[in-house]
Amino acid sequence: MRVKDPAALRRRRKNKRFSQGDLAHLVRRSQNTISLLELGKMKTLSEDLAVAIAARLDCDWEDLFLLEEAEVAPTMRSSESRTVDPVAA
């Protein structure tokens, strides 16, 4: 996940009258983490942290964060897999 708009995150926090330290304490992270998010210097964050921050700021996580889809590795379908018969080998 990543922050949509770091300035919007900062405004939301200030509207709730939380310091960076207050919010950090509520989501069990460091004040530096909150600062990096608000400055746009932390490029990714966990879904758990995004949801926790949004909950403390009384908004939906989608208001503040973007979910970045991970690239999915191709998988083999069962019809493509082969098994070797040990008796025939």
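The structure we're discussing is the one just above.
Our subject in this report is the structure included herewith. Computed from a predicted structure; not experimentally measured.

## Looking at the nonpolar core
Here's step 1: By size, the foremost hydrophobic cluster in this structure holds 18 residues, and its most contacted members are Leu9, Leu23, Leu37, Leu45, Ile53, Leu57 and Phe65.
Here's step 2: Mapped onto this core, the elements with two or more residues apiece are helix H2 (20–26), helix H3 (31–39) and helix H4 (47–56).
Here's step 3: Examining the composition of this core, we find that four residues originate from one element, H4, more than from any other.
Here's step 4: Not counting chain neighbours up to four residues away, the residues in contact with Leu23 comprise Arg13, Phe18, Ile34, Ile53, Arg56 and Leu57.

## Considerations on H4
Here's step 1: Those residues of H4 that sit buried are Leu49, Ala50, Ile53 and Ala54. Burial along H4 is one-sided: seen end-on, the buried residues are contained in an arc of 130 degrees.
Here's step 2: On its buried face, H4 is in contact with helix H1 (6–15), H2, H3, helix H5 (61–64) and strand S2 (65–66).
Here's step 3: Asp58 lies just past H4 and shows a positive phi near 55 degrees.

## Some details on the side chain of Glu38
Here's step 1: Mapped onto the fold, Glu38 is located in helix H3.
Here's step 2: Residue Glu38 is classed as buried on the basis of its relative accessible area of 6%.
Here's step 3: Not counting residues up to four positions away in its chain, the partners in contact with Glu38 are Pro6, Ala7, Leu9, Arg10, Arg13 and Gln20.

## Examining H1
Here's step 1: The complete set of buried residues in H1 reads Ala8, Leu9 and Arg13. Considered in projection along H1, the buried side chains sweep an arc of 140 degrees and stay on one side of the axis.
Here's step 2: For H1, the secondary structure elements touched by its buried residues are strand S1 (2–3), H2, H3, H4 and H5.
Here's step 3: Positioned one or two residues after H1, Arg17 has a phi angle of 65 degrees, which is positive.

What counts as what
- Residues numbered from 1 in each chain as written.
- Predicted model: local features only at pLDDT ≥ 70, side-chain atom pairs only at ≥ 80, totals over all residues.
- Heavy atoms only, no water.
- Core = buried A, V, L, I, M, F, W, Y, C linked by side-chain atoms within 4.5 Å.
- Buried < 20%, exposed > 50% of the residue type's maximum accessible area, 1.4 Å probe, protein only.
- Helix = DSSP H or I, 4+ residues; strand = E, 2+ residues; numbered from the N terminus.
- Contact = heavy atoms within 4.5 Å.
- Arc of directions from axis to C-beta.

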